[in-house]
Amino acid sequence: MSTGSPRRRWLVGMAFLLPNIAGFCAFTLVPLALAVAMAFSDWDILRHNVFRHEPLAFVGLDNFSRLLRDPQFWQYLGNTLFMMLGLPFAIAGSLASALLLTRVNRRRLPASGWVLGVATLVFVGAALVLLAGGMAPGGVGWMFGGLALGVFVLGVATGGTAYRTLFYLPHFTAGVATFVLWKKLYDPHNGPVNAALGPVLDGAASAVRHTPFLFGEVLPVAAGIGAVVLTAWQLRRLRRRWHEGEIGGLAVTLGSGVPAAAVGAWCHWQRGWNAFAWPAAVAVLASIAAATMVRRRPWRAAHVSTGVATEFALAMLLGPVLVLLVAALALGPALPAAATAGFAAPNWLGDYGWAKPALMMMALWAAIGSNNMILYLAGLSNIPPELYEAAEMDGATAQQRFWHITWPQLAPITFFVSVMGIIYGLQGGFEMARAMTLGGPAGSTTTLSYYVFVQAFEAGRLGYAAAVSWIMFLLVFVMSLVNFRLGNRDAND
Amino acid sequence: MRTTDETLTKPLESLPARVRHWSGGMGLHGVMTVLSLAMILPFAWMVLTSLKTLAEAADPAWLPHTAQWGNYPEVFRVIPFLRFAANSLVVAGWVTLLQVFTSALAAYSFARLDWPGRDRVFFIYLGTMMLPGLVMLIPNYEIMVKLGLVDSYLGLVLPAAFSAFGTFLLRQFMLGIPRALDEAAEIDGASKWQIFWTVIMPLSRPGLVTLAIFTLMGNYHSFFWPLVMMRTVDKYTLPVGLLFFDSEHGQATHLLMAAVTMSVVPLIVLFVLLQRQFIRGIQIGAVKG
């Protein structure tokens with residue numbers, strides 16, 4: 001293929017590249033250099049604007065040292081990390097929906113086109129009749145009945161594809177429009193979320209009032225036992241896999257350290273439980289130390305993708321579950337006293353403590369049927385059926401088949417999806433914060449990206465904002481390195 | 001065991017057996033129906049609320065008394081909704097056109113031409129893909145200020161028109177096209193441009209379509225950049241416009257939901273139509289790692 005002199009070949013190659021590389025230089029490389037310069041400068045709208053032209057000064061690491069002493073920066077970094085606790089639930093949800101979707105009978109109905117058409121007609125007709133002819137309160141039942149029937153028939157007719165489409169819609173449409181929608185859903189007075197929650201909470205309050213013993217004492221104890229059992233189960237699993245040489249030290253550290261860190265973070269966040277954060281921190285350090293010093297096995301096992309990735313994903317899932325159990329243990333005893341006044345539905349986006357979970361639940365809605373689900377679907381269809389047949393022959397239960405075939409076979413996808421989720425999570429939260437909460441209340445939903453926006457475009461501290469964005473880059477870079485070093489090499493080429 | 005039974009009885013399969021086989025998964029279909037409904041519940045509320053009166057919108061009941069179709073034309077009176085939508089489409093369309101074209105040219109250069117320093121340049125491209133967009137955003141804004149492009153469509157289109165990711169995606173795609181094809185064309189005396197335009201481009205169509213759909217979608221949703229760039233209300237893109245509507249007339253829940261419905265429904269239709277291309281694109285995109 002190589003014809004002509006190097007000079008000529010360079011000219012031809014560059015000619016094709018030119019339109020792209022010109023834009024690439026102008027809008028990527030030059031801004032990049034500028035961003036570096038800005039981060040070390042005192043560029044501030046107060047000093048450099050239309051009316052004042054103080055020369056830009058380079059201030060060395062001033063922006064960064066200010067950043068380290070800025071309590072808001074640490075709070076917002078914490079918010080960003082906290083929001084990512086929803087990630088494992090999203091991934092587990094994607095995996096579960098992919099598993100369900102592959103199980104659906106793929107047989108389409110013979111005359112699926114007809115059925116599809118008739119179902120749509122019936123549905124649209126019913127909706128029109130309802131909409132036109134004045135709606136009694138009972139109309140809701142009819143509407144959902146009709147909707148369910150329509151979805152069911154469509155699902156059967158398309159061999160399950162309709163479900164995939166409907167699952168994917170929240171992710172596909174996610175943007176300012178759906179955020180505005182959710183802002184209305186979460187409205188504390190007129191929103192449907194609290195309207196639906198009201199009777200549920202009343203029921204729960206009366207249940208607690210009737211059996212205070214069950215909720216005040218049995219629940220915390222059960223949660224405590226649950227937490228201990230779960231921890232023991234995980235540690236035993238790690239030990240067994242370690243002995244069998246399936247995983248190395250890194251996986252052991254992640255498997256025990258990540259849940260401990262999650263519990264520690266929660267204890268720290270819940271004022272008054274701060275003292276319990278220390279044991280968790282010790283547990284994290286101990287797991288690292290143990291895994292490093294007892295080097296009977298290599299740090300990384302031979303099958304990196306099935307070792308580290310699996311343990312990482314499982315640990316990410318265990319962490320929040322443990323946090324929930326510890327929360328039940330901690331907050332349970334106060335339940336009976338709280339129930340006497342009845343439980344009030346939360347003021348979702350207006351409450352310091354609830355704003356973050358509210359955004360996380362909304363993000364979960366959009367993340368379950370996302371690209372991750374599509375990747376899992378592809379991964380599931382790539383698992384050789386012989387593996388299942390052999391397992392069935394050996395009499396493996398469904399649970400064993402999942403843990404010994406499906407889960408390890410999907411491990412590279414789980415790893416990829418987790419790392420990408422973290423990378424996007426570190427940069428995320430801007431649109432939600434801007435459209436729904438403006439970062440509040442009291443900064444509880446301000447993430448790093450929203451902080452950069454506020455500092456740069458509202459406060460005009462461009463130099464400082466650039467420094468924050470570089471910290472964000474640093475975090476993303478570390479995760480990209482993790483992905484590069486530990487990820488499935490075959491998939492990268 | 002079951003498979004043998006099935007093969008033996010297949011030709012003689014009776015009607016009841018067929019019905020039984022077919023209905024075997026009905027329970028699962030039921031579960032999936034319920035889950036799917038849960039997923040689209042917010043959309044159902046959105047549509048129903050958009051058909052309410054202002055007074056009804058404050059009511060917990062889901063259904064309006066009589067459907068207020070007039071809410072939709074009302075939206076056009078309150079905000080320049082069509083203008084916002086047109087702005088979004090025009091900007092996203094230009095970005096897509098330019099990005100696909102410049103990326104294809106660059107991808108051809110990286111995948112097919114052999115020139116000194118090629119791999120080093122490509123490595124720089126790859127490296128910048130790791131950078132969060134936010135890092136470049138602040139200086140890019142300053143550049144736009146210097147160029148006088150703030151509050152102009154050109155300022156929205158230009159920075160998005162060149163993409164390292166698009167170049168990478170198409171390069172990977174072009175690497176999969178057999179070399180023998182361009183060699184044959186070269187022997188026939190075709191120029192590099194002719195090879196690119198008549199051999200490589202038609203064969204890259206699935207990749208081009210994928211990149212186009214992704215770029216179009218991404219820019220239709222794009223929010224940060226238009227938010228900082230646009231000053232005149234008439235030049236807002238749809239997401240910025242919706243936010244503007246929310247801050248100006250947020251209490252008019254019924255109208256707001258009509259506007260949200262009108263910006264979400266086209267997306268839903270588009271997805272249902274382009275599903276297959278889209279899902280293939282996700283799988284190609286994931287391989288990049």
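Calculation criteria
Residues numbered from 1 in each chain as written. Chains lettered and ligands numbered in written order. Predicted model: local features only at pLDDT ≥ 70, side-chain atom pairs only at ≥ 80, totals over all residues. Heavy atoms only, no water. UniProt positions renumbered as here; feature names shortened; annotations may be inferred. Helix = DSSP H or I, 4+ residues; strand = E, 2+ residues; numbered from the N terminus. Buried < 20%, exposed > 50% of the residue type's maximum accessible area, 1.4 Å probe, protein only. Contact = heavy atoms within 4.5 Å. Areas by Shrake-Rupley, 256 points an atom, 1.4 Å probe, with all protein chains shown as cover. pLDDT = per-residue confidence, 0-100. Buried area = accessible area lost by both parts, 1.4 Å probe. Salt bridge = Lys/Arg side-chain N within 4 Å of Asp/Glu carboxyl O. Polar contact = N/O pair within 3.5 Å; in protein donor to acceptor, adjacent residues only side chain to side chain. Nonpolar A, V, L, I, M, F, W, Y, C, P; charged D, E, K, R; others polar. Core = buried A, V, L, I, M, F, W, Y, C linked by side-chain atoms within 4.5 Å. Axes fitted to C-alpha atoms, helices over the stretch in contact; angles between N-to-C directions. Parallel < 35°, antiparallel > 145°, perpendicular 65-115°, else oblique. Left-handed = near helix turned anticlockwise from the far one by under 90°. Patch = residues over 30% accessible without salt bridge, like charges linked within 9 Å, V, L, I, M, F, W, Y side chains within 5 Å. Phe/Tyr/Trp six-rings, centres within 6.5 Å; stacked < 30°, edge-to-face > 60°. Lys NZ or Arg CZ within 6 Å of the ring centre and 35° of its normal. Expected span 1.5 Å × (residues − 1). Arc of directions from axis to C-beta.

- If you look chain A up in an unreviewed UniProt entry, it shows as ABC transporter permease subunit from Horticoccus luteus.
- Under Sequence similarities (unreviewed entry), UniProt gives the following word-for-word description of chain A: "Belongs to the binding-protein-dependent transport system permease family."

1. Description of the overall build of chain A
Part 1: Within chain A, the regular secondary structure consists of 22 helices and zero strands.
Part 2: Going through the 493 residues of chain A one by one, you find that 46% of them count as buried.
Part 3: Considering only contacts within chain A whose residues lie at least 6 apart along the sequence, 74% involve residues at least 24 apart.
Part 4: For chain A, the accessible area works out to roughly 23700 Å², and carbon and sulfur atoms hold 70% of it.

2. Comments concerning the overall build of chain B
Part 1: In terms of regular secondary structure, chain B is built from 16 helices and zero strands.
Part 2: By the burial criterion, 53% of the 289 residues in chain B qualify as buried.
Part 3: When contacts within chain B are restricted to residue pairs at least 6 apart in sequence, those whose partners lie at least 24 apart make up 73%.

3. Some points on the confidence of the model for chain A
Residue and element names in this part refer to chain A.
Part 1: With 85% of its residues at a pLDDT of at least 70, chain A reaches an overall mean of 81.
Part 2: Predicted confidence for residues 299–305 stays below pLDDT 50, and this span has 19 contacts to residues more than four positions away or in other chains.
Part 3: The model gives residues 489–493 a pLDDT under 50, and that stretch makes seven contacts with residues more than four places away or in other chains.

4. Focus: the interface of chain B and chain A
Part 1: On the side of chain A, 106 residues touch chain B, which itself brings 103 residues to the contact.
Part 2: For the pairing of chain B and chain A, the buried interface totals around 9400 Å² over both sides, and the portion due to carbon and sulfur atoms is 78%.
Part 3: On the chain B side of the contact with chain A, His29(B), Met39(B) and Ile138(B) bury the most area, a combined 8% of that side's loss.
Part 4: Inspection of the chain B/chain A interface yields two salt bridges.
Part 5: At the boundary of chain B and chain A, one finds 15 residue pairs in polar contact (both at pLDDT 80 or more).
Part 6: Classifying every residue of the side of chain B that touches chain A gives 72 nonpolar, 21 polar and 10 charged.

5. Section: the nonpolar core
Generally speaking, nonpolar side chains in soluble globular proteins are found buried as a group.
Part 1: Within the largest apolar cluster, 157 residues are counted, with the highest numbers of intra-cluster contacts made by Phe73(A), Met436(A) and Trp470(A).
Part 2: What Phe73(A) contacts, discounting residues up to four positions off in sequence, is Leu67(A), Leu448(A), Tyr451(A), Tyr464(A), Val468(A) and Ile471(A).

6. As for the pattern of salt bridges
Part 1: The final tally for this structure, using the stated rule, is eight salt bridges over all chains.
Part 2: For the salt bridge of Asp114(B) with Arg9(A), the shortest nitrogen-to-oxygen distance reads 3.7 Å. Remark: Arg9(A) occurs in helix α1 (residues 6–39) and Asp114(B) occurs in the loop between α6 (81–112) and α7 (118–129); the pair is interchain, linking two chains.
Part 3: Across the pair Arg118(B) and Asp119(B) runs a salt bridge whose closest N-O atoms are separated by 3.3 Å.

7. Some details on the environment of Phe430(A)
Part 1: Topologically, Phe430(A) is positioned in helix α19 (residues 430–437).
Part 2: For Phe430(A), a relative accessible area of 6% translates into the label buried.
Part 3: Residues within four places of Phe430(A) in sequence aside, it is in contact with Thr447(A), Ser449(A), Tyr450(A), Phe453(A), Phe223(B), Phe224(B) and Leu227(B).

8. Some thoughts on the packing of α6(B) against helix α10 (residues 164–175) of chain B
All names here are of chain B.
Part 1: Axis separation between α6 and α10 bottoms out at 8 Å; the angle between their running directions is 50°. Relative to α10, the element α6 lies oblique. α10 is crossed by α6, and the crossing has right-handed handedness. Across from Val-100, Ser-103, Ala-104, Ala-106, Ala-107, Tyr-108, Phe-110, Ala-111 and Arg-112 in α6, the residues of α10 making contact are Gly-166, Thr-167, Leu-170, Arg-171, Met-174 and Leu-175.
Part 2: A class-by-class count of the residues in the contact of α6 with α10 yields 10 nonpolar, three polar and two charged.

9. Remarks on a nonpolar patch on the surface
Part 1: Among the surface-exposed residues, Val90(B), Trp94(B), Leu97(B) and Leu98(B) lie close enough to one another that they form a single nonpolar patch of about 400 Å² accessible area.
Part 2: Within the fold, Val90(B) resides in helix α6.

10. Description of the side chain of Ser263(B)
Part 1: Inspection of the secondary structure assignment puts Ser263(B) in helix α16 (residues 253–287).
Part 2: Looking at Ser263(B), the relative accessible area reads 4%, which means it is buried.
Part 3: Beyond its immediate stretch of four places on either side in the chain, Ser263(B) contacts Ala177(A), Phe81(B), Tyr220(B), Leu238(B) and Leu242(B).

11. Description of the environment of Phe144(A)
Part 1: Along the chain, the position of Phe144(A) falls in helix α6 (residues 139–157).
Part 2: Note: C-alpha distance between Phe144(A) and Ser469(A) (325 residues apart in sequence) is 47 Å.
Part 3: Beyond its immediate stretch of four places on either side in the chain, Phe144(A) contacts Leu37(B), Leu41(B) and Trp62(B).

12. Topic: the packing of aromatic side chains
Part 1: Evaluated as defined, the whole model comprises 40 aromatic pairs over all chains.
Part 2: Both rings, one in Trp182(A) and one in Tyr186(A), keep their centres 5.4 Å apart while their planes meet at 55°; by these two values the pair is tilted.
Part 3: Take Tyr186(A): its relative accessible area is 3%, and that puts it in the buried class.
Part 4: Through a chain of ring-to-ring contacts, the aromatic side chains of Phe430(A), Tyr450(A), Phe453(A), Phe457(A), Tyr141(B), Phe223(B) and Phe224(B) assemble into a single cluster.
Part 5: Lying over the aromatic face of Tyr464(A), Arg66(A) brings its terminal NZ or CZ to 4.2 Å of the ring centre.
Part 6: Over the ring of Phe82(A) we find Lys356(A), and its NZ or CZ is 5.6 Å from the ring centre.

13. Observations concerning unusual backbone geometry
All names here are of chain A.
Part 1: Within the chain, Leu-438 stands out as a residue other than glycine whose phi angle is a positive 50°.
Part 2: Inspection of the secondary structure assignment puts Leu-438 in the loop between α19 and α20 (448–458).
Part 3: Within the chain, Ala-442 stands out as a residue other than glycine whose phi angle is a positive 55°.
Part 4: Along the chain, the position of Ala-442 falls in the loop between α19 and α20.

14. Some points on α7(B)
Part 1: Helix length check: α7(B) (12 residues) gives 17 Å between terminal C-alpha atoms against 16 Å at 1.5 Å per residue, within 8%.
Part 2: Taken together, the buried positions of α7(B) are Arg118(B), Val121(B), Phe122(B), Tyr125(B) and Thr128(B). Here the buried residues of α7(B) occupy an arc of 120° about the axis, which is enough to place them on one side. Structural note: α7(B) exposes Asp119(B), Arg120(B) and Phe123(B) on the side pointing more than 90 degrees away from its buried face.
Part 3: Residues of α7(B) that are buried in the fold lie against α1 of chain A together with α6 and α10 of chain B.

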